[in-house]
Amino acid sequence: MEGLSILIPTYNYCCVQLVRDLQEQASATALDFEIIVADDGSTDDSIRLRNMAIQEIPNCHYIIRQRNCGRSAIRNFLARQAIYPWLLFIDSDMMICRPDFIKTYWVNKENVVDGGIVVNGSNEHLLRYLYERASEQEHTVEKRRKSPYHDFHTANFMIPRELMLRFPFDERYSHYGYEDVAFGITLKNNSIDILHIDNPMSFEVFESNEDFILKTEEGLRTLYAFRHELKGYSRLLQAVNSLHRPVVWLISLWHQLFGTWERCQLMGNHPRLILFNIYKLGYYLTYVKKQSSSTSL
C-alpha cells in the first residue's frame, strides 16, 4: 500500500494553517495520505483549543498528550500511529514555501530524504532570527551533501516507516537539543544513506530572546550529558577540546564575572551573535566545572 503520513509534533504552538496548507497540497496529488498532529503536553490551553480545528480538516487528526515526553519520544509515538509506509516529519513552526513541496518529496523517495529549511521574514531584535540567518549559508543543499550526517535536521525530512521503527529516535534525549544529531549518527552507524534535496520549509516565526536563551542553555546541558557520543558532531565541543587549560580558566572566570551581564544583553532588544557565542562557550565551561565539582564530592 503506497501512501504518505505527514507527522507534526507540536508544543504550545498553533499549526492549523500549516495543516491546511499541507492538506491542500496533498489533496491535489493522487496520493493516499493522512496528517497527524501530536500535542506533546502543551501547557497553553488556548493553543490546544485552537488546534482542535485540525480535527475538522479532511484526513487530519489531532492527538493531545497530557504529559510532555520530549522531542525524541513524540516522534517515535507519531511513527507508531502512522498507517502509511512513508513518513514526512515537519516541525509545527515551519511554513510551506513551494507549491510542489509534497510532489518533490514523492519523486525523490529514498531511505531518508532531508529537504532543508530557508529563513524568511526579518527581525533584527530577535536573537533566534539572527542566529538562523547567519547559519543559513551553512545549510544549503550543496553544504549538506558534503557532510550528510552532520547536517541532518528533523524539521523537514521523509523516511520509510519500517526504517523509522527499526531505528527510532534515542529517547534518552528527553530535553532540548541534539536528538537530530544523535539520529544522524545512528543512520551513519547503520550505513543508511541520507539524500539531501532542495525542498525546504520556511522558518518565519522566532521565539523571544528569553525563550531562546533558555533553550540554548538546556541544549548545552544536553550536549554535556552526551558529549562522548556527540564527539566530532559539535563545533562547540571541538572548540572546547582545542583550548589549553589557562584559556579555559580565563573563559570560565570571565563568565563568572560577566555572564549575568551577557545574558541580560542577549535578552534585550539589541542582541549580538558574537556575544552569544562567547556566552555559550562560557556557560558550557562553567557547567562542566560545576558537574566535575559535584561528582568529586
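Here the structure is a predicted model, which is why all the values come from computation and not from measurement.

A. Representation of helix H3 (residues 71-81) within the structure. Of all the 11 residues making up H3, eight are buried; the element is thus mostly covered by neighbouring parts of the structure. Within the sequence span of H3, burial applies to Ser72, Ala73, Ile74, Arg75, Asn76, Phe77, Leu78 and Ala79. Looking at the buried residues of H3, the elements they touch are strand E1 (4-10), strand E2 (33-40), strand E3 (60-65), strand E4 (86-90), helix H7 (161-166) and helix H8 (179-189).

B. Up close: the environment of Trp254. With respect to the secondary-structure elements, Trp254 resides in helix H11 (residues 245-267). With near-sequence residues (within four places) excluded, Trp254 lies in contact with Gly259, Glu262 and Ile278.

C. Up close: the environment of Thr216. As for its position among the elements, Thr216 is in helix H9 (residues 209-225). Residue class for Thr216 comes out buried when judged on its relative accessible area of 11%. Taking the C-alpha atoms as reference points, Thr216 and Lys280, separated by 64 residues in sequence, lie 7.9 Å from one another. Setting aside anything within four residues of it in sequence, one finds Thr216 in contact with Phe276 and Lys280.

D. Fine view of the pairing of strand E8 (residues 156-160). Of all five residues that make up E8, five are buried, and the element is covered over most of its length. Relative to E8, E4 is paired through five bridges, and the arrangement is antiparallel. Looking at E8, one finds that Trp86 is bridged to Pro160. In terms of strand pairing, strand E6 (residues 112-114) meets E8 through two bridges, oriented antiparallel. For Val113, the partnering residue across the bridge sits in E8 and is Met158.

E. Seen up close, the side chain of Ser202. Inspection of the secondary structure assignment puts Ser202 in strand E10 (residues 201-203). Of note is the side chain of Ser202, whose polar atom sits 2.6 Å from the side chain of Asn120. Those residues within four positions of Ser202 in sequence are excluded, and the remaining contacts are Asp93, Met94, Met95, Cys97, Val118 and Asn120.

F. Examining the nonpolar core more closely. One finds Leu4, Ile8, Val19, Leu22 and Ile90 to be the most contacted residues of the largest nonpolar core, which totals 36 residues. Listed by contribution, the elements that provide at least two residues to this core are E1, helix H1 (16-27), E2, E3, E4, helix H4 (101-106), helix H5 (127-135) and E10. Broken down by element, this core gets its largest block of residues, five residues, from H1. Apart from residues no more than four positions distant in its own chain, Val19 is found in contact with Ile8, Ile35, Val37, Ile54, Ile57 and Cys60.

G. Quick peek at the sheet that holds strand E7 (residues 117-119). The mixed open sheet is built from three strands, whose spatial order is E5-E10-E7. If you trace the sheet from one side to the other, it starts and ends with strand E5 (94-96) and E7, each paired once. Averaged over all pairs of adjacent strands, the angle between strand axes in this sheet comes to 40°, irrespective of strand direction. Examined bridge by bridge, E5 and E10 share three bridges and lie antiparallel to one another. Looking at E10, one finds that Ile96 is bridged to Met201. Along the sheet, H5 makes contact with E7 and E10, crossing E7 at roughly 120°.

H. Main features of the sheet that holds E3. In spatial order, the strands read E3-E2-E1-E4-E8-E6-E9; together these seven strands make up an open sheet with mixed pairing. Of all strands in the sheet, those bounded by a partner on one side alone are E3 and strand E9 (194-196). Going across the sheet, the axis of each strand differs from the next one's by a mean of 20°, ignoring polarity. Where E2 and E3 come together, six bridges link them in parallel fashion. Counterpart to Ile35 in the pairing with E3 is Cys60.

I. Summary view of the pattern of salt bridges. For the coordinates displayed, the defined rule picks out 15 salt bridges. With a shortest N-O distance of 2.7 Å, Asp45 and Arg48 are connected by a salt bridge. One end of the pair is Asp45 and the other is Arg48, both in helix H2 (residues 45-51) and three residues apart, which spans about a single turn. For Arg48, a relative accessible area of 16% corresponds to the buried category. Between Asp198 and Arg98 there is a salt bridge whose closest N-O contact spans 3.4 Å.

J. Focus on unusual backbone geometry. With phi around 55°, Asn12 is a residue other than glycine that occupies positive phi space. When its relative accessible area of 24% is taken as the criterion, Asn12 is described as partly exposed. Of note, the phi angle at Asn59 is positive, near 70°, even though the residue is not glycine. Structurally, Asn59 can be placed in the loop between H2 and E3.

Calculation rules
In every chain, residue numbers begin from 1 and rise along the written sequence. It should be noted that, the model being predicted, local features are given only for residues of pLDDT at least 70 and side-chain atom pairs only at 80 or more, the latter also being counted only at that level, while totals for whole chains, interfaces and linings use all residues. Water and hydrogen atoms were dropped before computing side-chain values, which therefore reflect all heavy atoms in the structure. The classification of residues rests on relative accessible area computed with a 1.4 Å probe and restricted to protein chains. Under 20% of the type maximum is buried, over 50% is exposed, and intermediate values are partly exposed. Put simply, DSSP marks the helices as runs of H or I at least four residues long and the strands as runs of E at least two long, and each gets a number from the N terminus on. Working rule for contacts: check all heavy atoms of both residues, and any pair within 4.5 Å makes them a contact. Note on pairing: DSSP must find at least two bridges between two strands before they are called paired. Each polar contact in these results corresponds to two N or O atoms within 3.5 Å; when the atoms are within protein, one needs to be able to donate a hydrogen and the other to accept it, and residues that are neighboring in sequence are counted only if both atoms are side-chain atoms. The set of buried Ala, Val, Leu, Ile, Met, Phe, Trp, Tyr and Cys residues whose side-chain atoms join them within 4.5 Å is what this entry labels a nonpolar core. Each axis is a line fitted through C-alpha atoms, taken for helices only over the stretch in contact, and angles between the N-to-C directions span 0 to 180 degrees. Criterion for a salt bridge: a side-chain nitrogen of Lys or Arg within 4 Å of a carboxyl oxygen of Asp or Glu.

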